[in-house]
There are 2 protein chains.
Amino acid sequence: MSKAITSRSEDYSQWYNDLVIKGGLADYSAVRGCMVIKPYGFTLWENMRDALDKMFKDTGHTNAYFPLFVPKSLFEAEEKNAEGFAKECAVVTHYRLKSDPDKKGALMVDPEAKLEEELVVRPTSEAIIWNTYKNWIQSYRDLPILINQWANVVRWEMRTRLFLRTAEFLWQEGHTAHATKEEAIAETRQMLDVYADFVENWMALPVVKGVKSENERFAGAEDTYCIEALMQDGKALQAGTSHFLGQNFAKAFDVKFSDKENKLDYVWATSWGVSTRLIGALVMAHSDDKGLIMPPRIAPLQVVIVPIYKGEESKPVIDGKAAELVKAFKAAGIRVKFDDNDNNRPGWKFAEYELKGVPVRIAMGARDIENGTVELARRDTGEKSVVSIDGITEHVNQLLLDIQQAIYDKALQFRNEHITKVDTWEEFQEVLKNKTGFVSAHWDGTGETEQKIKELTKATIRCIPLDSTEEEGKCIFSGKPSKQRVLFAQAY
Amino acid sequence: MSKAITSRSEDYSQWYNDLVIKGGLADYSAVRGCMVIKPYGFTLWENMRDALDKMFKDTGHTNAYFPLFVPKSLFEAEEKNAEGFAKECAVVTHYRLKSDPDKKGALMVDPEAKLEEELVVRPTSEAIIWNTYKNWIQSYRDLPILINQWANVVRWEMRTRLFLRTAEFLWQEGHTAHATKEEAIAETRQMLDVYADFVENWMALPVVKGVKSENERFAGAEDTYCIEALMQDGKALQAGTSHFLGQNFAKAFDVKFSDKENKLDYVWATSWGVSTRLIGALVMAHSDDKGLIMPPRIAPLQVVIVPIYKGEESKPVIDGKAAELVKAFKAAGIRVKFDDNDNNRPGWKFAEYELKGVPVRIAMGARDIENGTVELARRDTGEKSVVSIDGITEHVNQLLLDIQQAIYDKALQFRNEHITKVDTWEEFQEVLKNKTGFVSAHWDGTGETEQKIKELTKATIRCIPLDSTEEEGKCIFSGKPSKQRVLFAQAY
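Since the model is a prediction, treat every value here as computed from it, not as a measurement.

Novice: Honestly, the overall build of chain A in this entry has me stumped. Any pointers?
Specialist: Helix and strand content of chain A: 14 helices and 27 strands. Considering only C-alpha atoms, chain A reaches an extent of 80 × 70 × 55 Å along its principal axes. Split into buried and exposed, the 492 residues of chain A put 47% on the buried side. For chain A, contacts bridging at least 24 residues in sequence account for 68% of all contacts bridging at least 6.

Novice: Teacher, can you tell me more about the relation of the copies chain A and chain B here?
Specialist: One copy of the chain maps onto the other through a rotation about an axis plus a displacement along that axis. Mapping chain A onto chain B is achieved by rotating through 180° and translating by 0.0 Å along the same axis, at an RMSD of 0.0 Å. As the rotation angle and translation indicate, the two copies are arranged about a two-fold axis. Minimal C-alpha separation from the rotation axis in chain A is found for A:Val92, amounting to 2.1 Å. In this assembly, 100% of the residues forming the interface of chain A have copies in chain B that are likewise at the interface, indicating an isologous arrangement.

Novice: Even after reading the chapter, I still don't get the domain arrangement of chain A, so can you show me in this structure?
Specialist: A common way to express how large an interface is: the accessible area buried when the components associate. Residues and elements named next belong to chain A. Domain annotation of chain A identifies domain 1 (28-286), domain 2 (303-414) and domain 3 (419-489). Just the C-alpha atoms count here: the centres of domain 1 and domain 3 sit 29 Å apart. Of the residues lining the interface, 16 residues belong to domain 1; the matching set on domain 3 comes to 15 residues. Looking at the side of domain 1 that touches domain 3, the elements that each hand over two or more residues are strand 11 (208-211) and strand 12 (223-230). With four residues, strand 11 is the single largest residue contributor to the side of domain 1 that touches domain 3. Across the side of domain 1 that touches domain 3, the residue classes break down as five nonpolar, four polar and seven charged.

Novice: Sorry, what's going on with helix 13 (residues 425-435) of chain B here?
Specialist: In an α-helix, one turn spans 3.6 residues, which is why side chains three or four residues apart end up on the same side. Residue and element names in this part refer to chain B. Buried within helix 13 we find Phe428, Val431 and Leu432. Mapping the buried residues of helix 13 onto a view down its axis gives an arc of 95°, with all of them on the same face. Residues Glu426, Lys433 and Asn434 are exposed on helix 13 and point more than 90 degrees away from its buried face.

Novice: Looking at this structure, how should I read unusual backbone geometry?
Specialist: The general pattern is negative phi for most residues beyond glycine and trans for most peptide bonds. Residue A:Pro144 is reached from A:Leu143 by a cis peptide bond, and omega for that bond is -5°. Among the structural elements, A:Pro144 can be located in the loop between helix 5 (126-136) and strand 9 (145-154). Not every positive phi belongs to a glycine, and A:Thr436 is a case in point at roughly 60°. Here A:Thr436 is to be found in the loop between helix 13 (425-435) and strand 23 (438-442). For A:Thr436, a count of 20 C-beta atoms within 10 Å gives the class buried. At B:Ala204, a position not held by glycine, the phi torsion is positive, near 60°. Summarising the element assignment, B:Ala204 is placed in the loop between helix 6 (181-201) and strand 11 (208-211).

Novice: Would you take a moment to explain the sheet that holds strand 5 (residues 91-94) of chain A for this structure?
Specialist: Picture the strands of a sheet paired through backbone hydrogen bonds; they go either parallel or antiparallel. In space, the six strands of this open sheet follow the order 4(A)-8(A)-5(A)-5(B)-8(B)-4(B), with antiparallel pairing throughout. Because the sheet does not close on itself, it has two edges, and the strands there are strand 4 (69-71) of chain A together with strand 4 (69-71) of chain B. The sheet shows a mean angle of 45° between the axes of neighbouring strands, taken without regard to direction. The pairing of strand 5 of chain A with strand 8 (residues 114-121) of chain A spans three bridges and is antiparallel. Bridging from a neighbouring strand, A:Val91 pairs with A:Val120 of strand 8 of chain A.

Novice: When you look at the sheet that holds strand 19 (residues 360-365) of chain A in this model, what are you seeing that I'm missing?
Specialist: Residue and element names in this part refer to chain A. The five strands lie next to each other as 18-17-19-20-21, forming an open sheet whose pairing is mixed. Two strands lie at the open edges of the sheet, namely strand 18 (336-338) and strand 21 (384-388), each paired on one side alone. Geometrically, the sheet is characterised by an average inter-axis angle of 25° between neighbouring strands, direction not taken into account. Direction of pairing for strand 19 relative to strand 20 (residues 373-378): antiparallel, over a ladder of four bridges.

Novice: Which parts of the structure should I look at to understand the environment of A:Val267?
Specialist: Residue and element names in this part refer to chain A. One can find Val267 in the loop between strand 15 (264-266) and strand 16 (268-275). Considering only alpha carbons, one finds Val267 and Pro144, 123 residues apart in sequence, at a separation of 9.5 Å. In contact with Val267, not counting residues within four places along its chain, are Ile137, Leu143, Ala177, His178, Gln247, Ala250, Val255, Lys256 and Phe257.

Novice: In this structure, what is going on with the pairing of strand 23 of chain A? I would like to understand it.
Specialist: The side chains of a regular strand alternate between the sheet's two faces. Residue and element names in this part refer to chain A. Burial analysis of strand 23 places four of its five residues in the buried class, the great majority of the element. Relative to strand 23, strand 22 (residues 419-421) runs parallel, the two sharing three bridges. Of the residues in strand 23, the one forming a bridge with Thr420 is Val439. Of the crossover connections in this fold, the one passing from strand 22 over helix 13 to the parallel strand 23 is right-handed. Here strand 23 pairs with strand 27 (residues 485-489) via four bridges, running antiparallel. Residue pairing in the sheet places Ser440 in a bridge with Leu487 of strand 27.

Novice: Would you mind showing me how to read the interface of chain A and chain B here?
Specialist: Facing 56 residues of chain A, the contacting portion of chain B comprises 56 residues. Both strand 5 of chain A and strand 5 (residues 91-94) of chain B contribute to a ladder of three bridges, which runs antiparallel. When the bridges of strand 5 of chain B are listed, A:Val92 appears paired with B:Val92.

Novice: Sorry if this is basic, but what is going on with the nonpolar core here?
Specialist: Across soluble globular proteins, nonpolar side chains have a tendency to be buried as a group. Among the nonpolar cores identified, the biggest contains 298 residues, and A:Ala229 and B:Ala229 are the most heavily contacted of them. Apart from residues no more than four positions distant in its own chain, A:Ala229 is found in contact with A:Val199, A:Leu205, A:Val207, A:Ala236, A:Leu237, A:Ala239, A:Ala281 and A:Ala285.

Novice: Looking at this model, I keep getting lost on the confidence of the model for chain A. Mind explaining?
Specialist: Detail in the predicted coordinates should be disregarded across regions flagged by low pLDDT. This prediction gives chain A a mean pLDDT of 96; 100% of its residues lie at or above 70. The ipTM value of the predicted complex is 0.97, and its pTM value is 0.97.

Novice: Would you mind going over the environment of B:Cys226 with me for this structure?
Specialist: With respect to the helices and strands, the residue B:Cys226 is situated in strand 12 (residues 223-230). Once residues lying within four places of it in the same chain are set aside, the contact partners of B:Cys226 are B:Gly210, B:Lys212, B:Gln238, B:Gly240, B:Thr241 and B:Cys463.

Novice: It is not clear to me how the environment of A:Leu164 should be interpreted in this structure. Could you clarify?
Specialist: Residue and element names in this part refer to chain A. Tracing the sequence through the fold places Leu164 in the loop between strand 9 and strand 10 (168-178). When the C-alpha positions of Leu164 and Asp11 are compared, they lie 17 Å apart, and in sequence the two are 153 residues distant. Every residue in contact with Leu164, bar those within four places of it in the chain, is listed here: Arg277, Gly280 and Tyr492.

Thresholds, definitions, all that
- Residues numbered from 1 in each chain as written.
- Chains lettered and ligands numbered in written order.
- Predicted model: local features only at pLDDT ≥ 70, side-chain atom pairs only at ≥ 80, totals over all residues.
- Helix = DSSP H or I, 4+ residues; strand = E, 2+ residues; numbered from the N terminus.
- Buried ≥ 20, exposed ≤ 12 C-beta atoms within 10 Å, placed from the backbone.
- Contact = placed C-beta atoms within 7 Å.
- Least-squares fit on C-alpha atoms with pLDDT ≥ 70 in both.
- Domains from an automatic or database assignment.
- Nonpolar A, V, L, I, M, F, W, Y, C, P; charged D, E, K, R; others polar.
- Arc of directions from axis to C-beta.
- Pairing = 2+ DSSP bridges.
- Axes fitted to C-alpha atoms, helices over the stretch in contact; angles between N-to-C directions.
- Right-handed = clockwise from strand over helix to strand, strands pointing away.
- Core = buried A, V, L, I, M, F, W, Y, C linked by C-beta atoms within 7 Å.
- pLDDT = per-residue confidence, 0-100.

In structure tokens:
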């Protein structure tokens with residue numbers, strides 16, 4: 001067991017790092033705060049990306065690509081957005097290196113190759129995109145513009161964690177332009193629903209849909225909608241955001257259109273994004289002390305077949321039958337691997353694929369084949385069963401669906417058990433300290449109260465849930481009147 | 001005709017820019033040398049990427065992702081590679097902006113946020129990747145590593161052209177690690193074949209496979225293999241390269257492995273890449289004075305249906321039949337659009353889809369439907385035909401195949417007519433000046449001669465073709481003995 005995993009109870013944070021690194025998802029790099037996404041992790045990201053991409057296209061969006069760099073003068077045009085990101089910008093100042101005269105073989109920045117205007121490595125692309133849309137939009141006939149981009153972005157965070165918070169990360173950012181406020185708001189809500197659909201039905205992770213308080217809003221947005229998920233340590237994680245940007249960027253970049261009556265008005269905007277952070281959420285929400293647990297719909301590998309050779313003569317029999325199974329599984333669209341690597345023993349392989357979270361393991365010996373059966377093991381419950389090889393494809397297909405549902409149900413139950421209604425400040429503190437999770441409480445609606453609560457408890461308002469109903473109450477902190485409960489939690 | 005295109009004979013270079021911009025592939029951006037890839041151009045890139053990605057996966061490769069930034073000390077580790085790229089590096093020196101005290105609302109680079117070590121924005125990723133592979137490779141059991149990455153890279157070119165040469169571009173870069181020299185060379189050659197297969201069979205563009213002279217080799221490679229294509233103006237374009245890197249990067253980053261006999265040796269490497277430059281090649285190779293010509297296999301749109309409404313009552317009839325056709329085409333895997341936008345007249349639409357290079361146009365009026373026919377027009381030849389609606393899906397599918405073949409055949413004929421064997425310096429100059437294209441000539445094998453020929457004629461050695469046979473001859477420039485002809489051309 002060279003790949004021992006720290007248990008959750010021992011050190012939750014180390015457990016997470018162990019899963020990411022030993023599970024083969026990512027690795028540290030030589031660049032501060034940047035990570036390497038390894039093949040297994042990247043295949044997971046590809047599966048997530050492909051599913052989302054199809055959903056974006058099915059809702060009428062197309063992909064495009066905008067420059068990595070934002071000239072400083074454009075970056076600062078939308079003041080709130082600039083202020084929000086200025087403190088974490090990587091800045092390109094020079095465009096050439098030259099030999100260092102003081103150090104043989106070394107290079108130095110060429111002081112003569114200083115850029116006239118510095119370039120910000122995009123932390124988000126509203127500025128460069130709205131500066132471009134300006135040239136594309138004259139009339140209502142040019143609207144709506146429904147564009148998404150898959151890209152890398154850089155935010156120079158001081159404390160980084162693999163996937164959850166890295167200086168560079170991969171994401172998609174949708175940027176749409178509309179003729180009316182109503183249409184832009186409908187788009188914002190539609191994409192929130194797309195995200196919720198994806199995270200719940202593909203990642204098997206239940207979310208709360210809501211809207212952010214002003215303090216937590218995206219810099220430059222009129223309203224930020226979000227989906228919030230709960231991790232096993234009771235902390236919340238923002239899994240995606242969809243922003244109604246009003247006319248802020250249109251005004252900053254002077255993007256106007258003439259409507260059907262030939263009247264000029266500023267264009268309405270939205271932006272929305274999810275990132276490789278979702279992989280961090282996936283790891284923390286479902287995994288256990290043996291390793292990762294991958295929901296079948298996005299698992300890089302859904303089934304692994306491990307041969308149990310006993311004696312030379314069993315090999316051709318097992319390999320032959322395994323080849324048949326692999327062919328049948330692939331034809332049924334199941335992602336399968338036959339691991340006949342003879343450097344490792346079956347026990348080692350069992351542990352390895354548990355660590356990697358492969359949903360279904362099939363063990364197959366010569367005796368099994370004689371009996372026309374194989375042994376199936378579910379990663380999520382550990383349950384084993386002996387199954388007939390006849391009809392195994394249908395059986396495994398159904399099992400994958402069952403596992404997907406079971407993982408979701410488990411996460412949902414945990415989440416529902418961890419939404420606690422409280423009505424007093426004592427209860428509020430008590431729940432955050434011991435039970436953890438979401439706390440549903442009344443709040444007076446002010447940023448000051450929100451800030452004080454954060455200082456005292458580290459809990460922030462995760463969102464004002466979209467499905468919450470009006471209810472008379474008193475702010476748990478200030479005692480002032482409130483009409484609605486909001487969800488607090490400590491968060492990633 | 002607001003979208004008039006400059007003709008090739010009038011101004012080839014402007015013709016190219018017109019096609020790219022007015023054809024909706026790309027646009028200039030506010031960042032010097034960087035472009036915006038518009039939805040139509042990006043869909044083309046997605047089609048190319050997906051086809052290549054499948055080929056990479058079918059040959060055993062997986063994708064991963066490595067950091068955008070390379071610390072200067074890593075960048076300079078492989079000396080030749082560093083020297084080759086140092087002059088065109090965008091360099092990040094700071095990680096924060098702050099308010100400019102002298103200018104309200106403006107930001108400035110925060111001098112207190114200077115990085116201890118500068119970060120180079122990757123112009124290529126050998127350095128960061130081999131620094132990572134060092135941690136992944138101990139034994140022959142860890143080999144081969146067969147990884148590809150789809151990424152953006154930055155090379156600060158002084159003269160840029162849309163797609164052909166931009167400061168930032170999108171590409172894929174494969175980076176493989178092997179236990180033996182033979183295996184690494186076989187990989188280099190395999191990927192060259194993959195590229196040739198893709199460019200010829202998907203992009204309909206014939207290529208010459210060859211190896212570069214030392215002068216034209218990738219910085220840090222032992223051998224650079226390439227595919228070279230010919231554009232309509234008789235200039236060559238390097239469409240893809242595959243490098244055998246020997247042990248250069250393994251030595252620079254100290255990457256050793258123990259073989260089966262427990263002996264330590266440096267790892268053998270390859271890298272290979274194609275980029276969005278291929279889109280430039282596609283545009284220049286096939287298009288005409290009416291606009292783009294897209295090979296059907298990668299065309300964003302393969303068929304467009306344009307309704308010819310005459311009177312209000314024809315609309316429901318045409319729209320109903322068009323919806324049937326769209327459904328049938330989509331079911332057959334054909335990328336189709338029904339353009340019923342009533343802001344534009346049919347003539348405008350015809351010109352627009354010719355400009356965009358959609359392979360097949362279907363025009364459909366009420367009379368046609370009565371007759372059970374539609375009018376088909378081929379973009380490549382302009383040929384029109386009246387075709388029965390019965391069996392149209394099969395007909396169009398076959399037509400798309402025919403068009404793909406016809407575009408390839410045309411380019412092949414042009415290319416073959418533009419490979420000229422010459423044996424004297426006069427002929428050599430004469431062909432380059434008037435006929436253009438590839439010139440097949442003897443060369444004495446020295447870098448000096450190559451350099452002088454370049455200075456005098458702007459022609460470079462594009463490659464030493466892999467299929468060329470040994471043949472006694474004399475260098476066209478120096479008269480020294482030569483055993484093989486090489487291909488010269490002026491190039492993009």
